Amino acid sequence: MTPSARILDPQEIKVIDAQASVFMKEGIRLAQSGNDADALLCFDRAFELRCRLPTEVPMHAYGLAACWLNRAEALTRLGPAHHALALCAYDEALTLLRPLPLGEDARFSKRLAIAHQNRALVLAAQNPPATADAIASLGEAV
């Protein structure tokens, strides 16, 4: 949270998180139907909302990372011209996921592993493939 950000009360946090979840679900639905461009718009809207939540709270960091990961997956499916942006999105998600208390919630470590794995797949798909970086990312996923 930025220093100038207003402190939210628990009810506001709940409402913002619920609104973000609606956008995430719609983005996932659009992505599953092959409409990744519109899915990106939904993921970005969810991201805007979740950026307002205190990421010191692990579940909020986890939710914000989900926005980055869904964005990265949609960008990856849009093709090689978008892979650099997808890698940046994976890196942002990893920045949020690494400090989470991985032993407190199995979802944290699972999402961290998925982020590393999917990042590695994008690296391996490059021409020429970034094999060393992909192997390192897969190693971190393990």
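Details of the structure are given in the entry above.
Residues numbered from 1 in each chain as written. Predicted model: local features only at pLDDT ≥ 70, side-chain atom pairs only at ≥ 80, totals over all residues. Heavy atoms only, no water.

## Digging into the nonpolar core
Part 1 of the argument: One finds Trp68, Leu69, Ala93, Leu96, Leu97 and Leu100 to be the most contacted residues of the largest nonpolar core, which totals 21 residues.
Part 2 of the argument: The residues contacting Trp68, other than those within four sequence positions of it, are Phe47, Ala89, Glu92, Ala93 and Leu96. (Core = buried A, V, L, I, M, F, W, Y, C linked by side-chain atoms within 4.5 Å. Buried < 20%, exposed > 50% of the residue type's maximum accessible area, 1.4 Å probe, protein only. Contact = heavy atoms within 4.5 Å.)

## Brief notes about the environment of Leu30
Part 1 of the argument: Position of Leu30 among the secondary structure elements: in helix α1 (residues 10-32).
Part 2 of the argument: Given the relative accessible area of 11%, Leu30 is considered buried.
Part 3 of the argument: Taking the C-alpha atoms as reference, Leu30 lies 22 Å from Tyr62; in sequence the two are 32 residues apart.
Part 4 of the argument: Beyond its immediate sequence surroundings of up to four residues, Leu30 is in contact with Asn35, Asp38, Ala39 and Cys42. (Helix = DSSP H or I, 4+ residues; strand = E, 2+ residues; numbered from the N terminus.)

## A look at the pattern of salt bridges
It is possible for side chains bearing opposite charge to pair when their charged atoms get close.
Part 1 of the argument: Scanning the entire structure with this criterion turns up 7 salt bridges.
Part 2 of the argument: Across the salt bridge formed by Arg29 and Glu26, the nearest N and O atoms sit 2.6 Å from each other. With Arg29 and Glu26 both in helix α1 and 3 residues apart, this pair spans about one turn of that helix.
Part 3 of the argument: A residue is classified by how much of its surface remains accessible, and Arg29, at 45% relative accessible area, is partly exposed.
Part 4 of the argument: Given a relative accessible area of 30%, Glu26 falls into the partly exposed group.
Part 5 of the argument: Taking the shortest distance from any N to any O, the salt bridge between Glu48 and Arg45 comes out at 3.1 Å. With Glu48 and Arg45 both in helix α2 (residues 36-50) and 3 residues apart, this pair spans about one turn of that helix.
Part 6 of the argument: Among the residues examined, Glu48 registers a relative accessible area of 45% and is labelled partly exposed. (Salt bridge = Lys/Arg side-chain N within 4 Å of Asp/Glu carboxyl O.)

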